[in-house]
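For reference, the chains in residue letters:
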Amino acid sequence: MAEPITEGPVALRTRPLSHLQERMGAAAVGGARGVTLAELPFVTMVNLRVDPASEAADRIGRTLGAPLPRRCGDTAASSLHTIMWLGPDEWLVLSRAAPGTVTAHVRQALDGAPGSVVDVSANRTTLELSGPAAREVLEKGCPLDLHPRAFGPGRAVSTTVGPIAVLLWQLDDSPTYRLLPRSSFADYLARWLIDAMSEYRGPRVA
């Protein structure tokens, strides 16, 4: 992910979970039942709406370096961007580039066609949950079937974890997940995950 900007007004931003950083670090568990939790703040996020069958959608795909995904749960990625399907004509673009740069380039590719391109970077933060027990932790409060036969690397869907709505994205087979909640709900979600992780410090109960 891009390094946070350290000059100008943007430098005044506060990580939504800065007050829980030490607690998340202390909650980490190692070994065969290991699991870790960390916040990845200030990720560029751009909401895109456009007719997927339009020439504008093709132009945007070329601009981003990957075609817009067409099915629920699908993602597409290039060197800088990951595109997540949110609905039949809606996507979320995550990027290592600056929000203004991504928004400007995608709007240029839209070129006046019906649709919208909106910087929503401030709406969400990102939590990364990783380790051998990460799936078990999520299964305590996520209604999705997270077994590898149903959900694997590259999948991203809107769901809930506990009572919190999130966009859940699996990165790899470790497994590593990224959870994107609204920033205002991130504190509750992080505390919920820390509590769910606590049992993995002890031996497995037969």
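This text goes with the structure placed above it.
Here's a quick rundown of the structure. (Residues numbered from 1 in each chain as written. Predicted model: local features only at pLDDT ≥ 70, side-chain atom pairs only at ≥ 80, totals over all residues. Heavy atoms only, no water.)

Attention now moves to the pairing of strand 1 (residues 36–39). What you see with strand 1 is a clean split: Leu37 and Glu39 sit on the buried side and Thr36 and Ala38 on the side with no burial. Bridge analysis of strand 1 against strand 7 (residues 127–130) gives 4 bridges, and the strand direction is antiparallel. Its bridge partner being in strand 7, Ala38 is matched across the sheet by Glu128. (Buried < 20%, exposed > 50% of the residue type's maximum accessible area, 1.4 Å probe, protein only. Helix = DSSP H or I, 4+ residues; strand = E, 2+ residues; numbered from the N terminus. Pairing = 2+ DSSP bridges.)

The next subject is the side chain of Asn47. Mapped onto the elements of the fold, Asn47 is located in strand 2 (residues 44–50). Residue Asn47 is classed as buried on the basis of its relative accessible area, which comes to 14%. In this structure the side chain of Asn47 is engaged in a polar contact, spanning 2.9 Å, whose partner is the side chain of Glu90. Look past the residues within four positions of Asn47 in its chain and what remains in contact with it is Leu86, Glu90, Trp91, Leu92, Ser116, Val117, Val118 and Val120. (Polar contact = N/O pair within 3.5 Å; in protein donor to acceptor, adjacent residues only side chain to side chain. Contact = heavy atoms within 4.5 Å.)

Counting across every chain of the model gives 10 salt bridges. Its salt-bridge partner being Arg49, residue Asp89 comes within 2.7 Å of it at the nearest N-O pair. Here Arg49 lies in strand 2 and Asp89 lies in the loop between strand 4 (81–87) and strand 5 (90–95), a separation of 40 residues in the sequence. Judged by its relative accessible area of 29%, Asp89 is partly exposed. Ionic pairing is found between Arg155 and Asp74, a salt bridge with its closest N-O pair at 2.9 Å. In this pair, Arg155 is assigned in the loop between helix 4 (134–139) and strand 8 (156–161) and Asp74 in the loop between helix 2 (55–64) and strand 3 (75–77), connecting sequence segments 81 residues apart. If you follow the salt bridges from partner to partner, you end up with Arg33, Lys140 and Glu199 in one network. (Salt bridge = Lys/Arg side-chain N within 4 Å of Asp/Glu carboxyl O.)

This part is about the environment of Leu179. Note that Leu179 resides in strand 10 (residues 176–181). Classification of Leu179 by relative accessible area gives buried; the value is 0%. Along the sequence, Leu179 and Val29 sit 150 residues apart, while their C-alpha atoms lie 19 Å from each other. In this structure Leu179 touches Thr125, Thr126, Leu127, Leu129, Leu138, Val161, Leu167, Leu168, Leu189 and Leu193, once residues within four positions along its chain are discounted.

An α-helical turn contains 3.6 residues, so a residue and the one three or four places further along point in the same direction. Here helix 3 (residues 99–110) is 12 residues long and its end C-alpha atoms lie 16 Å apart, about the 16 Å a rise of 1.5 Å per residue gives. Every buried residue belonging to helix 3 is among Val102, Thr103, Val106, Ala109 and Leu110, and all of these are buried. With its buried residues spanning 130 degrees around the axis, helix 3 presents them on a single face. The outward face of helix 3, more than 90 degrees from its buried face, is lined by the exposed residues Gly100 and Gln108. Buried residues along helix 3 sit against strand 2, helix 2, strand 4, strand 5 and strand 6 (115–119). Positive phi shows up at Asp111, right after helix 3, with a value of about 55 degrees. (Expected span 1.5 Å × (residues − 1). Arc of directions from axis to C-beta.)

Turning our attention to the sheet that holds strand 3. Reading across from one edge, 3-4-5-2-6 is the order of the 5 strands in this open sheet, with antiparallel pairing throughout. The sheet is open, and its two edges are formed by strand 3 and strand 6, each paired on a single side. The average angle at which neighbouring strand axes cross in this sheet is 20 degrees, direction not considered. Running at roughly 175 degrees to strand 6, helix 3 makes contact with strand 2, strand 4, strand 5 and strand 6 of the sheet. (Axes fitted to C-alpha atoms, helices over the stretch in contact; angles between N-to-C directions.)

Next up on the list: the sheet that holds strand 10. Strand order across the open sheet formed by 5 strands is 1-7-10-9-8, with antiparallel pairing between neighbours. The open sheet is flanked by strand 1 and strand 8, the only strands paired with a single partner. Adjacent strand axes in the sheet meet at a mean angle of 30 degrees, parallel and antiparallel pairs treated alike.

This part is about the environment of Asn123. For Asn123, the location among the structural elements is in the loop between strand 6 and strand 7. Along the backbone, Asn123 and Asp195 are 72 residues apart, and their C-alpha atoms lie at a distance of 25 Å.

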